[in-house]
Amino acid sequence: MRRLALVVPLSLLAACAATPPANWARGGALLDIPRARWVHGNLAVDIAPDGKIFVNGEHQLSVDRGGRVFGLEAEPLALLEPDGRVIGPNDDALGQVGVLHASLPGEANAWLTVAQSGAVIRYAEEGEREPFGVWLGCEVTPRAHQTCTLITHLLGMRIRKLERQTTTAPVGVGLGSGFGFGAGSPFP
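Described below are features of the structure shown in this document. All residue numbers refer to position in the chain's written sequence, counted from 1. Since the coordinates come from a predicted model, pLDDT governs what is reported: local features require at least 70, and pairs of side-chain atoms require 80 or more to be given and counted, while whole-chain, interface and lining totals use all residues. Values reported for side chains reflect all heavy atoms of the structure, with hydrogen atoms and water molecules removed beforehand.

Some thoughts on the state of the cysteines
Now for step 1: Any two cysteine sulfur atoms lying within 2.5 Å of each other are counted as a disulfide. Summed over all chains, the structure comprises 1 disulfide.
Now for step 2: Here Cys138 pairs with Cys148 through a disulfide, and the sulfurs are 2.0 Å apart. Here Cys138 and Cys148 share a disulfide; its torsion about the S-S bond, -95°, makes the bridge left-handed. Placement of the pair is Cys138 in the loop between β13 (129-136) and α2 (142-165) and Cys148 in helix α2, with a sequence separation of 10 residues. A run of H or I in DSSP becomes a helix once it reaches four residues, and a run of E becomes a strand once it reaches two; helices and strands are each numbered from the N terminus.

The structure is reproduced here in structure tokens:
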């Protein structure tokens, strides 16, 4: 079984002196923070009601009711704007996120869907549907569902990038402490 490691020393993240998204202080889209869990292979992502996001039991990120996603040192990673745009450090475009669908930067069509049932569907290059795990607990409100879609989009982009870097298709995704997104922009 081949596993991807999503581990980068936190010092690499700290070394990047990126500026927060322009509207970081004001905040973005209003979100509800549910107690929810996304399971995909051996990956378990938990959102706690206080906004902490645990990846396989380890606190790795946080999200707040103002649409801000930040790292363990409170460094800005992404901001969900009210119009659905996701903005990263240095105002990098990170795609578009609605309640049910997310699209990659510069793409018009969705690359993933978090259905009302919680099923996560990823769309391949030719539009084929691929199962991408399932969420439990996102259905409480539309704003809570959008939180789950946002987290799926951000972590899913990292998974996608790592999958493309391997020569064989992974069976699962292994995550360790220091879940990192590499130097520069924290997402692909």
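A short note on the packing of aromatic side chains
Now for step 1: Aromatic rings from Phe, Tyr and Trp, with only the six-membered ring used for Trp, were paired whenever their centres fell within 6.5 Å, and each pair was classed as stacked if the ring planes differed by under 30 degrees, edge-to-face if by over 60, and tilted otherwise. Inspection of the entire model under this criterion finds 3 aromatic pairs.
Now for step 2: Every member of this aromatic cluster is reached through a ring pair, and the members are Trp38, Trp111, Phe132 and Trp135.
Now for step 3: Between the NZ or CZ atom of Arg160 and the centre of the ring of Trp111, over which it lies, the distance is 5.8 Å. The rule for a charge over a ring is simple: NZ of Lys or CZ of Arg within 6 Å of the ring centre, and within 35 degrees of the ring normal.

Brief notes about the sheet that holds strand β6 (residues 68-70)
Now for step 1: Between any two strands, pairing holds if DSSP finds at least two bridges. The 12 strands lie next to each other as β2-β3-β4-β5-β6-β7-β8-β9-β10-β11-β12-β13, forming a closed barrel whose pairing is antiparallel. Taking the axes of each pair of neighbouring strands and ignoring which way they run, one obtains an average angle of 20° across the sheet.
Now for step 2: Of the strand pairs in this sheet, strand β2 (residues 36-40) and β13 are connected by 3 bridges, and their pairing is antiparallel. Note that in β13 the partner of Val39 across the bridge is Val134.
Now for step 3: Contacts are assigned to residue pairs with any non-hydrogen atoms lying within 4.5 Å of each other. As a rule, the C-alpha atoms of each element are fitted with a line to give its axis, helices using only the stretch in contact, and angles between N-to-C directions run from 0 to 180 degrees. The strands that α2 touches are β2, β3 (43-47), β4 (52-55), β5 (58-63), β6, β7 (76-80), β8 (85-87), β9 (93-97), β10 (101-103), β11 (112-114), β12 (119-123) and β13; relative to β9, the one it contacts most, it runs at about 135°.

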